[in-house]
Amino acid sequence: MKINRLKLLTVILLSWLSLPLFAFAQVTDLTWTELIPEHEHERYNLIMEAQSASMMMIDHNSDLAAKQIKFGSTREDLIDTNIRIQGFIIPLEGDFTLLREFLLVPFIGACIHVPPPPPNQMIYVKSEKGIAAQELWAGVAVTGTIKAETIDNELATIGYSMDLIDIEKL
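Parameters at a glance
Residues numbered from 1 in each chain as written. Predicted model: local features only at pLDDT ≥ 70, side-chain atom pairs only at ≥ 80, totals over all residues. Heavy atoms only, no water. Helix = DSSP H or I, 4+ residues; strand = E, 2+ residues; numbered from the N terminus. Contact = heavy atoms within 4.5 Å. Areas by Shrake-Rupley, 256 points an atom, 1.4 Å probe, with all protein chains shown as cover. Polar contact = N/O pair within 3.5 Å; in protein donor to acceptor, adjacent residues only side chain to side chain. Pairing = 2+ DSSP bridges. pLDDT = per-residue confidence, 0-100. Core = buried A, V, L, I, M, F, W, Y, C linked by side-chain atoms within 4.5 Å. Buried < 20%, exposed > 50% of the residue type's maximum accessible area, 1.4 Å probe, protein only. Salt bridge = Lys/Arg side-chain N within 4 Å of Asp/Glu carboxyl O.

## Remarks on the overall build of the protein
So, point 1. On a plain count of helices and strands, the protein comes out with two helices and six strands.
So, point 2. Sequence-ordered secondary structure for the protein, helices as α and strands as β, is α-β-α-β-β-β-β-β.
So, point 3. When contacts within the protein are restricted to residue pairs at least 6 apart in sequence, those whose partners lie at least 24 apart make up 69%.
So, point 4. Total accessible area on the protein stands at roughly 10,900 Å², and carbon and sulfur atoms take up 58% of it.

## Here's the deal with the side chain of Ser161
So, point 1. The topology assignment puts Ser161 in strand 6 (residues 157–169).
So, point 2. A distance of 2.6 Å separates the side chain of Ser161 from the side chain of Glu149, its partner in a polar contact.
So, point 3. Discounting residues that sit within four places of it in the chain, Ser161 has contacts with Ile123, Tyr124, Thr145, Ile146, Lys147, Glu149 and Ile151.

## Concerning the pairing of strand 6
So, point 1. Pairing between strand 4 (residues 123–132) and strand 6: four bridges, direction parallel. Among the inter-strand pairings, Ile123 is bridged to a residue of strand 6, identified as Tyr160.
So, point 2. The loop that links strand 5 (residues 140–152) with its antiparallel partner strand 6 comprises four residues.

## Some thoughts on the confidence of the model for the protein
So, point 1. Of all residues in the protein, 73% attain a pLDDT of 70 or more, and the chain-wide mean is 82.
So, point 2. Averaged over each element, pLDDT in the protein is lowest for helix 1 (residues 2–17) (54) and highest for strand 1 (residues 27–29) (96).

## Details of the nonpolar core
Soluble globular proteins tend to bury their nonpolar side chains together.
So, point 1. Counting residues in each nonpolar core, the largest one holds 20 residues, and the members touching the most others are Leu35, Ile85, Phe102, Leu104, Ile123, Val142 and Ile167.
So, point 2. Considering each element in turn, this core owes the most residues, four residues, to strand 6.
So, point 3. Apart from the residues lying within four places of it in its own chain, the contact partners of Phe102 are Ile89, Ile90, Pro91, Leu92, Ile123, Tyr124, Val125, Ile131, Val142 and Ile167.
So, point 4. Core analysis: the next-biggest nonpolar cluster, separate from the first, contains nine residues, Ile90, Ala110, Ala156 and Ile158 among them.

## Considerations on the pattern of salt bridges
So, point 1. Within the structure shown, the criterion is met by four salt bridges.
So, point 2. Residue Asp77 pairs with Arg75 through a salt bridge whose shortest N-O separation is 2.6 Å.
So, point 3. The residue Asp80 makes a salt bridge to Lys147 at a minimum N-O spacing of 2.8 Å. Of this pair, Asp80 sits in the loop between helix 2 (41–54) and strand 2 (81–94) while Lys147 sits in strand 5, placing them 67 residues apart in sequence.

## A few points about the side chain of Arg84
So, point 1. Here Arg84 is to be found in strand 2.
So, point 2. There is a polar contact of 3.5 Å between the side chain of Arg84 and the side chain of Asp29.
So, point 3. A distance of 3.3 Å separates a polar atom in the side chain of Arg84 from a polar atom in the side chain of Glu168.
So, point 4. Apart from the residues within four sequence positions on either side, Arg84 is in contact with Val27, Thr28, Asp29, Leu30, Ala141, Val142, Thr143, Glu168 and Leu170.

## Structural notes on the environment of Val140
So, point 1. By the secondary structure assignment, Val140 is in strand 5.
So, point 2. Judged by its relative accessible area of 0%, Val140 is buried.
So, point 3. Put simply, Val140 and Gln86 are 54 residues apart on the chain and 5.6 Å apart in space, counted from C-alpha to C-alpha.

## As for the pairing of strand 3 (residues 98–105)
So, point 1. Of all eight residues in strand 3, six are buried, a share of seventy percent or more.
So, point 2. Bridge count between strand 2 and strand 3: six bridges; the pairing is antiparallel. Residue pairing in the sheet places Ile89 in a bridge with Leu104 of strand 3.
So, point 3. In textbook terms, the turn of a hairpin is the stretch between consecutive antiparallel strands, and for strand 2 and strand 3 this stretch comprises three residues.
So, point 4. As paired elements, strand 3 and strand 4 share six bridges and run antiparallel to each other. Across the sheet, Leu103 pairs through a bridge with Tyr124, a residue of strand 4.

Put into structure tokens, the structure is as follows:
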């Protein structure tokens, strides 16, 4: 009987050790507006209203890219915290089966059909193991460690980056 208990304790200990580290870390669920510093909310709302009104004048058949409004700062108090946020994927690096880097944006079509959101409304997500490309068009919830990091690429300026821990389709 002693040997069975020892085996059982060994199995339990090994199963605990095999749990991902993030399972023990606190994860904060955030909305996109919570990525904006509180003192910038009113100005952000005014700018977004003006941008929405100007969308009626944009020629969507033009090859000219719509300009990103680069207003807004990041929330320093979120740096190095584990967050979960819902959004949509814009692929950046990978192939048709596996994606290793992507932008997470608050609405479908951001950066493609409309002007990119402000930098503090975009997250540059990196995944070491990659994610399945078929998850591209569905809404997703991503969990990861967020950082305030300015990244410029051909689509936009991005205010946050994240090391992906988990992703789920919505």
